[in-house]
Structures are given as C-alpha cells and as structure tokens.
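Read off the chains here:
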Amino acid sequence: MKSGKNKKKLIIIIISIVCVLALIAGAVVYLVIKNNKPKEKENPTEYNEKDVEEQVRNAFYNNFLITYILEGDIQVGEGTLRIDGSDDVYYAVTDYLLEDIHDISDINDLITNNLTPAAEVRARKVMSSSYANQYMSQNDVLYVKKTATPCFRLEEKVDMNIAEYKVIDNRLFTVYNNVPYEVSKDEDGKYTASTLWNTCIKDFGSIGIGKEDEFIPNAENIYTASDFNVQE
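The text that follows walks through the structure, step by step, so that each part is easy to find. (Residues numbered from 1 in each chain as written. Predicted model: local features only at pLDDT ≥ 70, side-chain atom pairs only at ≥ 80, totals over all residues. Heavy atoms only, no water.)

Quick notes on the pattern of salt bridges
In step 1: Overall, the coordinates contain five salt bridges when judged by the stated rule.
In step 2: For the salt bridge of Lys-146 with Asp-73, the shortest nitrogen-to-oxygen distance reads 2.7 Å. Of the two residues, Lys-146 sits in the loop between strand S4 (141-145) and strand S5 (164-168) while Asp-73 sits in the loop between helix H2 (49-71) and strand S1 (76-82), which places them 73 residues apart along the sequence.
In step 3: Judged by its relative accessible area of 35%, Lys-146 is partly exposed.
In step 4: The shortest N-O distance in the salt bridge between Lys-145 and Asp-88 comes to 3.4 Å. Here Lys-145, found in strand S4, pairs with Asp-88, found in the loop between S1 and strand S2 (89-93); they are 57 residues apart in sequence, far enough to count as distant.
In step 5: Since its relative accessible area comes to 28%, Lys-145 is described here as partly exposed. (Salt bridge = Lys/Arg side-chain N within 4 Å of Asp/Glu carboxyl O. Helix = DSSP H or I, 4+ residues; strand = E, 2+ residues; numbered from the N terminus. Buried < 20%, exposed > 50% of the residue type's maximum accessible area, 1.4 Å probe, protein only.)

Points about helix H3 (residues 104-114)
In step 1: Turning to H3, its buried residues number three or more, namely Ile-107, Leu-110, Ile-111 and Asn-114. The arc that holds the buried residues of H3, viewed along the axis, is 95 degrees, so those residues lie on one side.
In step 2: Of the surrounding elements, those touching the buried residues of H3 are H2, helix H4 (117-127), strand S3 (134-138) and strand S8 (191-192). (Arc of directions from axis to C-beta. Contact = heavy atoms within 4.5 Å.)

Things to note about the sheet that holds S1
In step 1: Read from one edge to the other, the open sheet built from four strands follows the order S1-S2-S4-S3, with strand pairing classed as antiparallel. Looking at strand neighbours, the two that pair on one side only are S1 and S3, the edges of this open sheet. Ignoring strand direction, the axes of neighbouring strands in this sheet form an average angle of 40 degrees.
In step 2: Sheet topology places S2 next to S4; two bridges connect them, and they run antiparallel. Each residue of the ladder has a partner; that of Ala-92, found in S4, is Tyr-143. (Pairing = 2+ DSSP bridges. Axes fitted to C-alpha atoms, helices over the stretch in contact; angles between N-to-C directions.)

Some points on the environment of Lys-211
In step 1: Considering the arrangement of structural elements, one finds Lys-211 in the segment after S8.
In step 2: With a relative accessible area of 80%, Lys-211 lands in the exposed category.
In step 3: Measuring from C-alpha to C-alpha, the distance between Lys-211 and Val-121 comes to 9.4 Å, with 90 residues separating the pair along the chain.

Description of the sheet that holds S5
In step 1: In space, the four strands of this open sheet follow the order S5-S6-S7-S8, with antiparallel pairing throughout. The sheet is open, and its two borders are formed by S5 and S8, each paired with just one other strand.
In step 2: The pairing of strand S6 (residues 171-176) with strand S7 (residues 179-185) spans five bridges and is classified as antiparallel. Each bridged residue has a counterpart across the sheet, and for Tyr-176 the counterpart in S7 is Val-179.

Comments concerning unusual backbone geometry
In step 1: At Asp-140, a position not held by glycine, the phi torsion is positive, near 65 degrees.
In step 2: Here Asp-140 lies in the loop between S3 and S4.

So, the side chain of Glu-120
In step 1: Position of Glu-120 relative to the elements: it lies in helix H4.
In step 2: When sequence neighbours within four positions are dropped, the list of residues in contact with Glu-120 reads Ile-111, Thr-112 and Leu-115.

Notes on the nonpolar core
In step 1: In this structure, Leu-98, Val-126 and Tyr-135 are the most contacted members of the largest nonpolar core, which totals 47 residues.
In step 2: At the level of elements, H2, H3, H4, S4, S6 and S7 are the ones that each hand at least two residues to this core.
In step 3: For this core, the element with the highest residue contribution is H2, accounting for 10 residues. (Core = buried A, V, L, I, M, F, W, Y, C linked by side-chain atoms within 4.5 Å.)

Some points on the pairing of S1
Regular strands place side chains that alternate from one sheet face to the opposite one.
In step 1: Summarising the sheet, S1 and S2 pair through four bridges and their orientation is antiparallel. Its bridge partner lying in S2, Val-76 is registered against Val-93.

See the structure below:
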C-alpha cells in the first residue's frame with residue numbers, strides 16, 4: 001500500500017514538473033515571438049501638436065521670405081561681382097533676413113519645401129523674369145542684382161511674435177494681423193501654401209504653369225507704389 005501511495009505522489013510530482021516546464025517553455029516562446037515581431041509603423045496621421053504648430057508657422061514665414069527674396073528691397077554692401085561679357089553688377093547681400101541663404105540652391109530648396117507644385121512652378125517663372133531680383137554666388141557669398149521695382153508691401157518685415165497658429169474646421173492657419181493664412185499638409189508630410197501671400201503680382205495664381213509659359217511683368221499685372229498711395 002505504501003509503495004502504491006509513493007508511486008501516486010511521484011506521478012503527481014512528475015506531472016507538476018511537466019506542467020511547470022510547459023508553462024516556462026510557453027513563456028519563452030511568447031517572448032521570442034514578441035521580440036521578433038516587426039514593429040508597427042507609426043500612423044502618419046498621428047502628430048505632435050507643437051511640432052505641427054512650428055511647421056505651420058515656419059511655412060508662413062518662409063512664404064514671406066520667398067517673396068522678399070524675389071521682390072524685396074534687399075540690403076547690400078559694397079562687395080560686387082561681375083560676369084564676364086556682361087555689364088550687370090551684382091552686389092554682396094548683407095540683409096540679415098537672408099543670412100542663411102548662401103547660394104541659388106538654398107533659394108530653390110526654400111521654394112520647393114514651402115509651396116505646392118503649381119505655386120512652385122509659378123514662383124520659378126517669376127524668379128527667371130526681369131521683374132525679380134537676380135542672384136549669383138561665389139565663395140559662399142550671395143550677390144544680387146536688384147529689381148528696379150521692389151515690392152513696397154514688404155517694407156514692414158514679418159513679426160513672428162504676433163503670428164498665431166489656429167486650427168479652423170480641421171484646416172491649419174497662421175493668423176497674422178487678424179488675417180488667416182492657410183497651410184496644407186501634402187502627401188510627403190510637408191506643410192505648403194498654394195500662393196505667395198505678400199507678392200505685388202496682382203494675380204499670382206493666373207501665371208501659366210506650362211513649359212512654354214512665361215511671366216512677363218507689365219503695368220497690368222504688377223502693383224506699384226501708386227496702387228498703395230505710397231510716394232515713389
């Protein structure tokens with residue numbers, strides 16, 4: 001009888017040990033599978049609100065900066081650059097607003113990263129026209145041949161301290177001097193604008209975007225000082 005009881009105890013112990021080992025093995029397998037499972041990609045619609053605010057505000061400021069680069073009364077120093085075979089004189093840019101712009105590629109990046117594709121094409125057509133400031137660079141120094149008709153509406157520089165970020169009906173805006181400026185997020189995650197808000201071109205959105213289209217400045221499509229009752 002005693003031998004039978006011992007055998008039952010032994011069987012119970014063996015079963016218990018097997019169960020414990022099975023649980024341990026199961027836990028190990030679970031951990032291995034969990035650790036090897038590919039991490040889920042972050043949902044692109046999830047974002048940090050502060051980060052979005054910063055990007056929307058930056059897009060607003062950069063929109064102003066693009067217009068200022070193309071049409072503004074750029075501050076220059078005494079340094080000059082001449083191109084062989086041309087009478088054009090380019091002056092070294094000393095404007096603090098352009099302190100991070102060192103060559104044409106910086107201007108191109110600014111346009112590409114802050115405007116929709118159609119607005120980008122229009123900005124480049126303005127950039128290549130006789131209306132806009134023309135730039136060259138040498139030894140990491142930016143030079144400009146200034147436009148004869150700088151945009152008077154850029155006399156007052158943008159003060160980002162009074163620019164407010166707002167979401168209205170799920171649309172993103174920077175509100176400046178009580179005027180809302182909308183920025184949209186594109187498929188690449190960039191925050192871009194579909195126009196140049198500060199331009200003195202009367203209908204920037206009407207500039208053709210076809211390969212053969214050109215922007216030809218004239219009295220009909222460019223605002224002048226007289227349009228704003230400013231003495232020239």
